[in-house]
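The lines below spell out each chain.
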2 protein chains.
Amino acid sequence: MFFSEKTLINGRPSSKVSFSDRGFQYGDGLFETIAVYKGKIPFYDFHLNRLKISCHRLKLSIPDLKSLDEEIKELCSEVSQGVLKIILTRGISEQRGYRIPHNEKPTRVLSIYPWPNYPIDFFKYGITLRICATTLGHNPMLSGIKHLNRLEQILARSEWNDPQIPEGVMLDSRGQVISGTMSNIFIFISDYLQTPDLNNCGVAGVMREFILQKASTLGIKTIVKPINLDDLKQAEEMFVCNSLIGLWPVRYLEEISSYPVSTKTRNIQNFIQMWIESYE
Amino acid sequence: MFFSEKTLINGRPSSKVSFSDRGFQYGDGLFETIAVYKGKIPFYDFHLNRLKISCHRLKLSIPDLKSLDEEIKELCSEVSQGVLKIILTRGISEQRGYRIPHNEKPTRVLSIYPWPNYPIDFFKYGITLRICATTLGHNPMLSGIKHLNRLEQILARSEWNDPQIPEGVMLDSRGQVISGTMSNIFIFISDYLQTPDLNNCGVAGVMREFILQKASTLGIKTIVKPINLDDLKQAEEMFVCNSLIGLWPVRYLEEISSYPVSTKTRNIQNFIQMWIESYE
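The structure reproduced in this document is the subject of the present report. Since the structure is predicted, the reported quantities are computational estimates derived from the model, not experimental observations.

**Here's the deal with the side chain of S257 of chain A**
Residue and element names in this part refer to chain A. With respect to the helices, strands and loops of the structure, S257 is situated in strand β16 (residues 257-258). S257 gets classed as buried once you look at its relative accessible area, which sits at 11%. Once residues within four sequence positions are removed from consideration, S257 is found in contact with K233, R251 and Y252.

Laid out in structure tokens, this is it:
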């Protein structure tokens, strides 16, 4: 069973939203998918930071942080390992149409899900990554935001069914590498840890941000830059990451390239684990 | 009041959907906004045709057409002039994540809204069109579909508040003209009625399709092709259209260009009116 185990909508236990909610009508909102360990959220500051920036960019009110904190505690305090999903939308509108209403009353949905049952082998031994045909359109005004318009990712994820291939790389409409369908991508080339810039599209994942911020403490130099398929093919190592999986090494890019998993990747993986385990 | 007056969700009167609905979680679905006159839907065949094509492209089940017909009759038979909105989503999913579930149970929302109170002057004398800064990203797999991912249009429509300017033109990320935020655009140049091709982005509106199909009966030659801002500036006439407004002549493109409204545009406007009035 993967249904949400417990849900608060605007602070009250519920499972229903109005069909007039602009989240349902237009995907007018954003979400955060958050790992909960022993009732704690080790990457909370990163999620909250992205949420605030995204609200600002979507012209959406930032939720009252005290209420949000209380609701998170209510939902998460007994969770040993689970997923907290926060959805914020522009709420019910009294008018039809795209125009943002003056009297915006946002909708806030917090729900707890079981931990996903990804095979541990993906984490330990790495994965095969495929290349998606579905591309990401350029929209600088939406890039980076984990918003509710996810048809591109849905169509990309519908391209394959092989359970042994857990992720696909998505290119933009100009052929640049952007991300996985649900993860960000990093490659090692000549001692630099590189990840695609997200100026035009893609989600700026929390784990991506964490790695970019913490890499220097591991003696790793990072670069954010345009990356193409040739760069992926020439990479010395590759991994994908998100806030639930942590980091999965990439062993194969389809049948095109294969990669080792060295201590460079393992050091980052271990650092993430240490951060989670030592978080108070 | 602009709230929906009557709503059927999967055939039953309701105003609520599950927060687990993929329409709410990801904007995973589509919609149709349909003009109702004297209990009839003059452009029904065009809406149904687009709905079927869009379902196919989004890998979404086409709803049972008999049930849909019955529900439309139930909602619309007493409506003298109103708006029927149909939303179809991929429904409630037992799993989290973008992957399309095997046991898809789509959600079907039909609701009736009052007719929008656009000033009649827009129809009679024409409008001023502005140019939006928010652009449309390229995604050939989604282009043409009236899907539920509408943040680009929402951000574009949030750029201005002047009630005297009812519409803005949206360019794609490469600077080509695509459409209005809620309408399609046509221009007359050298006796040809031209409208932007929607191979990369944009919604293929029902009124656009109607005009493209019927123009020849008015002796008008049409071309669907890439159009840029220079073409707009050089246009002899311009109009925007959708299934609710019919056709609004464009008198001004910001303060850049002005256009007359000749019998060419009026003939199309009259043809639409006649189609509506003579529809049985």
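**Looking at the interface of chain A and chain B**
In this complex, chain A contributes 69 residues to the contact, which on the side of chain B involves 69 residues. Where chain A abuts chain B, roughly 5,900 Å² becomes buried across the two surfaces, and 62% of that area is made up of carbon and sulfur atoms. Looking only at chain A, the three residues that lose the most surface to chain B are F24, R96 and Y98 of chain A, adding up to 15% of its buried area. Taken together, the connections running from chain A to chain B amount to zero salt bridges. Linking chain A with chain B are 23 residue pairs in polar contact (both at pLDDT 80 or more). When residues of the side of chain A that touches chain B are traced back to their parent elements, those giving at least two are β1 (6-9), β3 (16-18), α1 (22-26), β4 (29-37), α2 (44-58), β5 (81-89), β6 (107-114) and α5 (151-157) of chain A. Looking at the side of chain A that touches chain B, the element that brings in the most residues is α5 of chain A, giving six residues. Pairing of β3 of chain A with strand β3 (residues 16-18) of chain B involves three bridges; the strand directions are antiparallel. Bridge pairing links K16 of chain A to S18 of chain B in β3 of chain B.

**Re the state of the cysteines**
Residue and element names in this part refer to chain A. Under the definition given, this model contains zero disulfides over all chains. No disulfide involves C76; its sulfur sits 18 Å from the nearest other cysteine sulfur, which is in C55. On the basis of relative accessibility, which here comes to 1%, the residue C76 falls in the buried class.

**Some details on the sheet that holds strand β2 (residues 12-13) of chain B**
Residue and element names in this part refer to chain B. Reading across the sheet, the five strands line up as β2-β1-β6-β5-β4 and stay open at both edges, with antiparallel pairing between neighbours. Each edge of the open sheet carries a strand with a single partner, namely β2 and β4 (29-37). Each of β4 and β5 (81-89) touches helix α2 (residues 44-58); the most contacted strand, β4, lies at about 175 degrees to it.

Parameters at a glance
- Residues numbered from 1 in each chain as written.
- Chains lettered and ligands numbered in written order.
- Predicted model: local features only at pLDDT ≥ 70, side-chain atom pairs only at ≥ 80, totals over all residues.
- Heavy atoms only, no water.
- Helix = DSSP H or I, 4+ residues; strand = E, 2+ residues; numbered from the N terminus.
- Buried < 20%, exposed > 50% of the residue type's maximum accessible area, 1.4 Å probe, protein only.
- Contact = heavy atoms within 4.5 Å.
- Buried area = accessible area lost by both parts, 1.4 Å probe.
- Salt bridge = Lys/Arg side-chain N within 4 Å of Asp/Glu carboxyl O.
- Polar contact = N/O pair within 3.5 Å; in protein donor to acceptor, adjacent residues only side chain to side chain.
- Pairing = 2+ DSSP bridges.
- Disulfide = S-S within 2.5 Å.
- Axes fitted to C-alpha atoms, helices over the stretch in contact; angles between N-to-C directions.

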